[in-house]
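Take a look at the letters that make up each chain.
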Amino acid sequence: MFAFHKIYDYSISIDQVDPIIREIMEQIYYVILNKGGASAQEQSKTEEMWIHIKKSVKINSSILKPYLITAEEKRRLCEYKVNRQIEFFQNGQSLFK
């Protein structure tokens, strides 16, 4: 799971992630081009092509590791989000009492 929150809280910068995104995009482009040939654009709309892309695009997991979160971290963030939402609505209700 990608730690998108690290971009929003400025723990990592876009400049750090940009080369990885570019590499993924280039790999996808060449997989579509090589399999699709002249009809690459049309074939890119098919489920078969996206299954092929998932199987063909390989990313070194060590490059992604600093930007991923564990299932435990995701659960903690979800609990935090729920608690903040509850707090928000409780505070809102107190305004109308």
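Residues numbered from 1 in each chain as written. Predicted model: local features only at pLDDT ≥ 70, side-chain atom pairs only at ≥ 80, totals over all residues. Heavy atoms only, no water.

A. View of the overall build of the protein chain. Helix and strand counts for the protein chain stand at six helices and zero strands. Reported as C-alpha extents along the three principal axes, the dimensions of the protein chain are approximately 65 × 30 × 25 Å. Buried residues in the protein chain amount to 15% of all 97 residues. Counting only contacts in the protein chain whose residues sit at least 6 apart along the sequence, the fraction spanning at least 24 positions is 58%. Once the 14 positive and 12 negative side-chain charges of the protein chain are each reduced to a mean point, those two points are 5 Å apart. (Helix = DSSP H or I, 4+ residues; strand = E, 2+ residues; numbered from the N terminus. Buried < 20%, exposed > 50% of the residue type's maximum accessible area, 1.4 Å probe, protein only. Contact = heavy atoms within 4.5 Å. Lys, Arg positive; Asp, Glu negative; His and termini not counted. Charge placed at Lys NZ, Arg CZ, Asp CG, Glu CD.)

B. View of the packing of helix 2 (residues 14–36) against helix 4 (residues 47–56). Across the interface, helix 2 lies against helix 4 with an axial gap of 10 Å and an inter-helix angle of 125°. Comparing the axis directions of helix 2 and helix 4 gives the class oblique. At the point where helix 2 passes helix 4, the crossing takes the right-handed sense. Touching I28, V31, I32, K35 and G36 of helix 2 are E48, M49, W50, H52, I53 and S56, all from helix 4. Across the contact of helix 2 with helix 4, the residue classes tally to six nonpolar, three polar and two charged. (Axes fitted to C-alpha atoms, helices over the stretch in contact; angles between N-to-C directions. Parallel < 35°, antiparallel > 145°, perpendicular 65-115°, else oblique. Left-handed = near helix turned anticlockwise from the far one by under 90°. Nonpolar A, V, L, I, M, F, W, Y, C, P; charged D, E, K, R; others polar.)

C. Looking closely at the packing of aromatic side chains. Across all of its chains, the model carries two aromatic pairs by this definition. A centroid spacing of 5.1 Å and a plane angle of 80° characterise the contact between Y29 and Y30, whose relative ring orientation is edge-to-face. Y29 sits in the partly exposed class, given a relative accessible area of 48%. Among the residues examined, Y30 registers a relative accessible area of 46% and is labelled partly exposed. (Phe/Tyr/Trp six-rings, centres within 6.5 Å; stacked < 30°, edge-to-face > 60°.)

D. Structural context of the pattern of salt bridges. If you walk through the whole model with that rule in mind, you get five salt bridges. A salt bridge links D18 to R22, with the shortest nitrogen-to-oxygen separation between them at 2.9 Å. With D18 and R22 both in helix 2 and four residues apart, this pair spans about one turn of that helix. Using a relative accessible area of 30% as the deciding quantity, one classes D18 as partly exposed. E42 serves as the salt-bridge partner of K45, at 3.6 Å between the closest nitrogen and oxygen. Here K45 and E42 have matching classes, each one exposed. (Salt bridge = Lys/Arg side-chain N within 4 Å of Asp/Glu carboxyl O.)

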